[in-house]
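Spelled out from the first residue to the last, the chains are:
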Amino acid sequence: MNITFIFFLGLFVALIGVVPPGLLNMTAAKISLKEGHVRGIMFSIGVCIIVFVQTYLASIFAKYLSNHAEVIDILQRVAFVIFVLITVYYLFVAKQQLNPHIEPQIRSKHSRFFQGMFLSSINVFPIPYQAYMTITLASIGWLEFDMTSIISYVAGAGMGTFVMLYMYIFFFDKIKNKSITSQKSMNYLIGGITGIISIITLINIIKEM
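Definitions and limits used
Residues numbered from 1 in each chain as written. Predicted model: local features only at pLDDT ≥ 70, side-chain atom pairs only at ≥ 80, totals over all residues. Heavy atoms only, no water. Helix = DSSP H or I, 4+ residues; strand = E, 2+ residues; numbered from the N terminus. Buried < 20%, exposed > 50% of the residue type's maximum accessible area, 1.4 Å probe, protein only. Contact = heavy atoms within 4.5 Å. Areas by Shrake-Rupley, 256 points an atom, 1.4 Å probe, with all protein chains shown as cover. Polar contact = N/O pair within 3.5 Å; in protein donor to acceptor, adjacent residues only side chain to side chain. Core = buried A, V, L, I, M, F, W, Y, C linked by side-chain atoms within 4.5 Å. Phe/Tyr/Trp six-rings, centres within 6.5 Å; stacked < 30°, edge-to-face > 60°. pLDDT = per-residue confidence, 0-100. Axes fitted to C-alpha atoms, helices over the stretch in contact; angles between N-to-C directions. Parallel < 35°, antiparallel > 145°, perpendicular 65-115°, else oblique. Left-handed = near helix turned anticlockwise from the far one by under 90°.

*Asks:* Which residues make up the overall build of the chain, and what are the values?
*Replies:* Each helix and strand in the chain was counted, giving eight helices and zero strands. Ordering the α and β elements of the chain from the N terminus gives α-α-α-α-α-α-α-α. A burial count over the chain gives 44% of its 209 residues as buried. In the chain, 87% of the contacts between residues at least 6 apart in sequence involve partners at least 24 apart. Only carbon and sulfur atoms are counted for the fraction: they give 71% of the accessible area of the chain, which is about 11,000 Å².

*Asks:* How would you summarise the side chain of Thr55 if you had to cite specific residues and measurements?
*Replies:* Following the sequence through the fold, Thr55 ends up in helix H3 (residues 37-65). Side-chain polar atoms of Thr55 contact the backbone oxygen of Val51, separated by 2.8 Å. With residues up to four places along the chain from it excluded, the contact list for Thr55 reads Gln130, Tyr153, Val154 and Ala157.

*Asks:* Tell me about the nonpolar core, and please be specific about residues and values.
*Replies:* Ranked by size, the top nonpolar core spans 18 residues in total, and within it Leu24, Ala28, Phe43, Val47, Met164, Leu165 and Tyr168 carry the most contacts. Elements supplying a minimum of two residues to this core: helix H1 (3-18), helix H2 (23-35), H3 and helix H7 (147-176). Counting residues in each nonpolar core, the second largest holds 12 residues, with Val13, Ile16, Leu143 and Tyr153 among its members.

*Asks:* I'd love a proper account of the packing of aromatic side chains, names of residues and values included.
*Replies:* Following the criterion strictly, the structure yields four aromatic pairs and no others. Relative to Phe114, the ring of Phe113 has its centre 5.2 Å away and its plane inclined at 75°; by these criteria the two rings are edge-to-face. The exposed category is assigned to Phe114, whose relative accessible area is 53%. When the ring of Phe162 is compared with that of Tyr166, the centres are 6.1 Å apart and the planes differ by 40°; the resulting orientation is tilted. With Phe162 and Tyr166 both in helix H7 and four residues apart, this pair spans about one turn of that helix. Judged by relative accessible area, Phe162 falls into the partly exposed class, the value being 23%.

*Asks:* Give me the confidence of the model for the chain: which residues, what numbers.
*Replies:* Residues with a pLDDT of 70 or more make up 74% of the chain, whose mean pLDDT is 78. When mean pLDDT is taken per element in the chain, H3 scores highest with 90 and helix H8 (residues 180-207) scores lowest with 67. Ignoring residues within four places in sequence, the model shows residues 96-104, a span with pLDDT below 50, making 27 contacts including any to other chains.

*Asks:* For the packing of H1 against helix H6 (residues 126-139), give the residues involved together with the corresponding values.
*Replies:* At a closest axis distance of 11 Å, the pairing of H1 and H6 adopts a crossing angle of 140°. Judged by the inter-axis angle, H1 sits oblique to H6. The element H1 and its partner H6 pack so that their crossing is right-handed. Of the residues in H6, those in contact with Leu9, Val13, Ala14, Ile16 and Gly17 of H1 are Tyr129, Gln130, Met133 and Leu137.

What follows is the structure in structure tokens.
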């Protein structure tokens, strides 16, 4: 398998996971606005180091699960329900508030780095998300569980996370000042992406029946 292709798979999957406004990307943007881009980037690097570890653990977990089809079957159904709920939320329910009240208090660059590691550590969503996505990619033949492929995928996931945090840092003012119509468009984009993932998941479930 081409390791460049696997790298960009990891990058794309991570981008999808970090697109929705959340604690990590909004904190990175807030730090950048209040304390400068350097501290925002230091925070983001701390986040990405933990994402490397989380994605690697998720890949190892997925490799184990790939030998237990009955567990994968259950996880696929659970993931399908979750992605459908996320799709419904962003298409029909999501509020147009992209500016939660987050007041950074730590000033040092090294503190921001460790703050990024800490907040990323308590955010365990990437582990089940990446475990499911790696299983799905392996099931359609786009990913193998050899060490080279796993490392390439993990590197892509870390880079994808950093790219999205970087985008939040430097374009937060534009996102924050967008009109309601533009914010709705962002929600529709996220809902559309998760909707596509839901359809792919449903197809895999039907094939295995």
